[in-house]
Amino acid sequence: MPEIQFVSPDGETTESSRYPGELVVVKVTGLESGATYELSNTLASPGAPSYEATLQAVADANGTIETSTAQPVGGTYGKPDPDGIFWSMKKGHAEANAELGFHFAISKSGRPLATAVLPMAGIQQGVKMIKLTGTGLVGMLYLPKRSGRVPAVITFGGSEGGEMTALTEATALVNQGYAALGLGYFGMKGLPANLEKIPLEYFEKAIRYLRARPDIGDIAVMGSSRGGELALLLGSTFSDIKAVVAQVPSPVRWAGIAGFNERDQLPPAWTYQGRPLSFYPLAGKLVEAKLADGRTAYINRPAFEKALENKKAVEAATTEIEKINGPVLLFGAEDDKIWPSCTLAEMALTRLKEKKHPFADEMACYPDAGHNMAFPPFLSTQDTFSQDQAMHMLLELGGTPEGNAAAQRASWTKTLEFLKANIR
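Residues numbered from 1 in each chain as written. Predicted model: local features only at pLDDT ≥ 70, side-chain atom pairs only at ≥ 80, totals over all residues. Heavy atoms only, no water.

> Any chance you could break down the side chain of Asn-175 for me, citing the residues and the numbers?
Structurally, Asn-175 is set in the loop between helix H2 (164-174) and strand E13 (179-184). A polar contact is formed between the side chain of Asn-175 and the backbone nitrogen of Gln-124, at a distance of 3.0 Å. The contacts of Asn-175, once residues within four sequence positions are left out, are Tyr-19, Gly-122, Ile-123, Gln-124 and Val-127. (Helix = DSSP H or I, 4+ residues; strand = E, 2+ residues; numbered from the N terminus. Polar contact = N/O pair within 3.5 Å; in protein donor to acceptor, adjacent residues only side chain to side chain. Contact = heavy atoms within 4.5 Å.)

Structure, rendered in structure tokens:
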């Protein structure tokens, strides 16, 4: 009788749920050796459209199909990949009454043989969540289930605002044993409405909050896009930060994106000690891209590439990242349509080297990846467009679904290795 199991990559641990960033291997046993089967995965959420992926593969000599080794002969992805059955999911039909989670089924010649559900979860049992009520901060502190003093990572998002990105990355980190402070800094109640004149003192308050806790060791920061720009800026400003992870970042401080001030000039994104930090207003024009459904999306990258031609203006707005009191990990995406993140990350790494930054800085640039590679692997990567809430337009992010998924897994693995080596 066929059976669907969910196991760790080494096959020794049975997984009861799937968490952000976690690598889960789907293993089907009890099959006929040499026969072709279809494994389907449907992500169901009550009242919302489902997402569906399939793998057609041949059972091995042991009558087994494992997503880590199975060569697809059909389905929604094309080569052995344990993440493939997740990232290749495409929007399907509404499943109003289905249990939240990944619903798997194995079938042969259209005949269902077995089913199993892998629940979707955020944080592991035993993780402690602390609301930041009364601190002047907006977000959540997650403490791992292990006891004793642990290193902490402050996470935050980019131009999308809110706290979703921050909390997603924080939950993925706490499951790996880190304390994680997921922080919103605009676009929420009690915070600035837009990415405009954000005081760095707000983040200094977060650092002090963690420093005051006896259960917190070293502190790192992690951000993507404008949050990557912010991560480099915070690291250069506050010496308590011992490591920086900057995903699709910029060492250049760009203007705020909220609108125009009374002088018809773009506002600064960041302030410190009551003064705006110098910035470079975006030059060049956005490029229109027509989607298959008739909508218009915009590509930001050419405008940033045009701006980078003005070396004097770029230098005047570049953060002194050589002041960062610890190593820096930089990630770029070759097909990033928001801005040239590989070029910007390379600029940062070059500056660190030229200024003789005394730490083991690293950089990785991923082919076929776009701007949304900067997330822990978890869900589908099929959508390469995003509705920007601040700019009120549809933006092309770039990359292919497979390229984005591969970059997410590789960068997440590298991030965990980097943090393990550099903060205690």
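> Let's hear about the pattern of salt bridges: which residues, and what values?
Per the counting criterion, the structure on display carries 15 salt bridges. Linking Asp-83 and Arg-18 is a salt bridge whose minimum nitrogen-to-oxygen distance equals 3.8 Å. Of this pair, Asp-83 sits in the loop between strand E6 (74-75) and helix H1 (84-87) while Arg-18 sits in the loop between strand E1 (3-7) and strand E2 (25-29), and the two are 65 residues apart along the sequence. For the pair Asp-83 and Arg-18, a shared accessibility class is recorded, and that class is buried. Because the salt bridges share partners, they merge into one network encompassing Arg-18, Asp-83 and Arg-409. (Salt bridge = Lys/Arg side-chain N within 4 Å of Asp/Glu carboxyl O. Buried < 20%, exposed > 50% of the residue type's maximum accessible area, 1.4 Å probe, protein only.)

> Break down the environment of Gly-217 for me, with residues and values.
By the element assignment, Gly-217 lies in strand E15 (residues 216-224). With a relative accessible area of 2%, Gly-217 lands in the buried category. Taking the C-alpha atoms as reference points, Gly-217 and Ala-179, 38 residues apart in sequence, are found 9.2 Å from one another. Among all residues touching Gly-217, those that are not within four sequence positions of it are Arg-149, Val-150, Pro-151, Arg-211 and Arg-424.

> Give me the lowdown on the environment of Ala-180, citing residues and values where you can.
Its place among the elements puts Ala-180 in strand E13. For Ala-180, a relative accessible area of 0% gives the class buried. Along the chain, Ala-180 and Ala-333 lie 153 residues apart, while their C-alpha atoms are 25 Å from each other. Contacts of Ala-180, omitting those with residues within four sequence positions, involve Met-140, Leu-141, Tyr-142, Val-153, Ala-170, Leu-173 and Val-174.

> An account of the sheet that holds strand E5 (residues 65-66) is requested, with residue identities and associated values reported.
Ordered in space as E1-E2-E5, the three strands form an open sheet in which the pairing is antiparallel. With one partner strand each, in any of the chains shown, E1 and E5 form the two edges of the open sheet. Relative to E5, E2 is paired through two bridges, and the arrangement is antiparallel. Its bridge partner lying in E5, Val-28 is registered against Ile-65. (Pairing = 2+ DSSP bridges.)

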